[in-house]
Amino acid sequence: MAFHNKPGFAFRRIFFVLSGIIFLCWACQEDEICEDITANDLRIGFYRIGQDHDQWAVVDSLRVFSLEQADIPVHEHLTSVSVLELPLNPATDNCAFVIDFYPITDTLWLTYQRETQFISVECGFTMFFELTGINHTNNHIVAIEETTTYVTNTLDEHLKVFIPDPGNGDEPQPGFTGK
Amino acid sequence: MVMSLSQGLRANNDAGYSPSVRVGLDVSGFARQLVEPETMFREISLDVEWKYNHFVAVEAGLLDIDVQKQTHRYMAGGYYLRLGPDFNVLGRKPEAPNDLVLLSLRYGFSKLDHEAPFILIPDPYWGDFQTAVDSESYSAHWIEAGISLKTELGYNVFIGWSLRGKLLLYNTREAEMEPYFIGGFGKTGRNTGLMLHYHIYYRIPFR
């Protein structure tokens, strides 16, 4: 009897074909890029107060520096900004950033808990954060809404920062807001 | 489908059935070690056909991870256990009594100790941050369901693969560090997982 006529041959053929397909699918999974999967910046979206909260506002230009390293800018000069990424300090449980909207500046104080996270053998460790407190001045920023507490390697937006709508003639009232 | 299944069962009742124990070795652990030499897990299994087309299976394994890189050192060691039933949905055809398509359910448990004596997290703005995590114990419980195919090559030697979806039920919450890999479950970071296993088995017939 030829092999292909032996009992169970059809089953074995299906078995091996499926084995191969599944194995190939498994083996062809995309390699991880370390810079992407260890990135853990806090992501801020800008919105106009009183406008659609699903649509970003565009800030003409700004720069950012931290209070701890004021001589080293986080972002030197950015234009047409809708989303801002800020690096939380992995060595401490708090840090503060000054956002210069030219010429008005606001300060953002952030407190958080840190969790060391092993990402992969090749990429090593990164730090994940859980936001526990946000304080800010109200010179240009009207309000801040927290949308996601956990700052990890996903592309989530963590904070919505509301700024005045010039079309409504909104003028910010200088002050301080804390949470 | 249920009717044809029950008819198949009746037609094949006792066809090719003899009580047996099958011992298996999961070779996917060896394959993984080729790609990632730092991660080692070894697993053996035992299944018994206690009733026609109904099996009970136990799978046990050891996990050993030792990673040493310029930016980190991570070590983990532990064991895991899975227990549950299999049901052969193919019935048993008289001409091929040892071809099996199994639906599987498992309860899994894993325990490990892990530590990271050296961690360097590079940060382009704040500078490199060096830390360490002392040795700590971690345990996890999960359930899994899946499908597997087994076929006899001859002389009671079987090969098979299984695809399992997993759902984490409980893990050590106060852990300072999530383990990189839970033995028997897979990579952490999510409550669900999917694992592919390849096995070689030897069947020990009772009679």
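The rules behind these values
Residue indices begin from 1 for each chain and proceed along its sequence in written order. Chain letters start at A and ligand numbers start at 1, both assigned in the order the entries are written. Given that this is a predicted model, residues contribute local features only at a pLDDT of at least 70 and side-chain atom pairs are listed and counted only at 80 or more, while totals for whole chains, interfaces and linings are drawn from all residues. Segments assigned H or I by DSSP are reported as helices when at least four residues long, segments assigned E as strands when at least two residues long, and all are numbered from the N terminus. Residues are defined as contacting one another if the C-beta atoms placed from their backbone atoms lie within 7 Å. Amino acids are sorted into nonpolar (Ala, Val, Leu, Ile, Met, Phe, Trp, Tyr, Cys and Pro), charged (Asp, Glu, Lys and Arg) and polar (every other residue, Gly among them). In this usage, the nonpolar core is the set of buried Ala, Val, Leu, Ile, Met, Phe, Trp, Tyr and Cys residues whose C-beta atoms join them within 7 Å. Exposure criterion: with C-beta atoms placed from backbone coordinates, a residue whose C-beta has 20 or more other C-beta atoms within 10 Å is buried, one with 12 or fewer is exposed, and one in between is partly exposed. Pairing between two strands is assigned when DSSP locates at least 2 bridges connecting them. Angular values range over 0 to 180 degrees, each being the angle between N-to-C directions of two axes fitted as lines to C-alpha atoms, with helices fitted over their stretch in contact. The pLDDT score gives, residue by residue, the confidence of the prediction method on a 0 to 100 scale.

1. So, the overall build of chain A
For chain A, the count of helices and strands is two helices and eleven strands. Written out in order from the N terminus, the α and β elements of chain A read α-α-β-β-β-β-β-β-β-β-β-β-β. Taking all contacts inside chain A whose residues are at least 6 apart in sequence as the whole, residues at least 24 apart take part in 52%.

2. Section: the interface of chain A and chain B
Chain A puts 22 residues into the contact, and the matching count from chain B is 27 residues. Contributions of two or more residues to the side of chain A that touches chain B are made by helix H1 (9-27), strand S6 (105-120) and strand S7 (124-137) of chain A. The greatest single-element share of the side of chain A that touches chain B, amounting to seven residues, is contributed by H1(A). Per-class residue counts for the side of chain A that touches chain B are 14 nonpolar, seven polar and one charged.

3. Things to note about the nonpolar core
Among the nonpolar cores identified, the biggest contains 45 residues, and Leu86(A), Leu88(A), Val161(A), Leu63(B), Ile65(B) and Tyr74(B) are the most heavily contacted of them. For this core, the element with the highest residue contribution is S6(A), accounting for five residues. Setting aside its immediate chain neighbours within four residues, Leu88(A) contacts Leu42(A), Cys95(A), Leu110(A), Tyr112(A), Phe129(A) and Val151(A). In terms of nonpolar packing, the next biggest core, distinct from the first, is built from five residues, Phe15(A), Leu100(B), Leu102(B) and Leu149(B) among them.

4. Topic: the sheet that holds strand S2 (residues 39-51) of chain B
All names here are of chain B. Pairing within the closed barrel is antiparallel, and its eight strands lie in the order S1-S2-S3-S4-S5-S6-S7-S10. Strand after strand, the sheet turns through a mean of 25° between neighbouring axes, direction not considered. Relative to strand S5 (residues 100-121), strand S4 (residues 72-88) runs antiparallel, the two sharing 14 bridges. By the bridge assignment for S5, Asp86 is matched with Ser104. Most of the contacts of helix H2 (residues 28-35) go to S2, to which it runs at about 165°, and overall it touches strand S1 (20-26), S2 and strand S10 (192-205).

5. Focus: the sheet that holds strand S4 (residues 83-86) of chain A
Residues and elements named next belong to chain A. Spatial ordering of the open sheet is given by S4-S1-S10-S8, a layout of four strands whose pairing is mixed. At either margin of the open sheet sits one strand with a lone partner, and together these are S4 and strand S8 (143-146). Strand-to-strand twist in this sheet, taken as the mean axis angle between neighbours without regard to direction, amounts to 25°. Sheet topology note: the S8/strand S10 (residues 159-163) ladder contains four bridges and is antiparallel. Residue Ile144 lies in a different strand from S10, and its bridge partner there is Val161.

6. Overview of unusual backbone geometry
Residues and elements named next belong to chain A. The residue after Tyr102, namely Pro103, is reached through a cis peptide bond having omega 0°. Structurally, the position occupied by Pro103 is in the loop between strand S5 (94-100) and S6. Of note in the backbone geometry, Ser80 takes a positive phi value of approximately 50° without being a glycine. Among the secondary structure elements, Ser80 is positioned in strand S3 (residues 73-81). For Ser80, a count of 8 C-beta atoms within 10 Å translates into the label exposed. Among the residues examined, Tyr102 registers 12 C-beta atoms within 10 Å and is labelled exposed.

7. Description of the pairing of strand S7 (residues 157-171) of chain B
Residue and element names in this part refer to chain B. Direction of pairing for strand S6 (residues 129-154) relative to S7: antiparallel, over a ladder of 14 bridges. Looking at S7, one finds that Ala145 is bridged to Gly165. Between S6 and S7, which pair antiparallel one after the other, the connecting turn spans two residues, and Tyr155 there sits at a positive phi close to 55°.

8. Re the confidence of the model for chain A
On average, chain A scores 83 in pLDDT, and the residues at 70 or more come to 82%. Taking the mean pLDDT of every element in chain A, the minimum, 56, falls on strand S11 (residues 176-178) of chain A and the maximum, 95, on S5(A).

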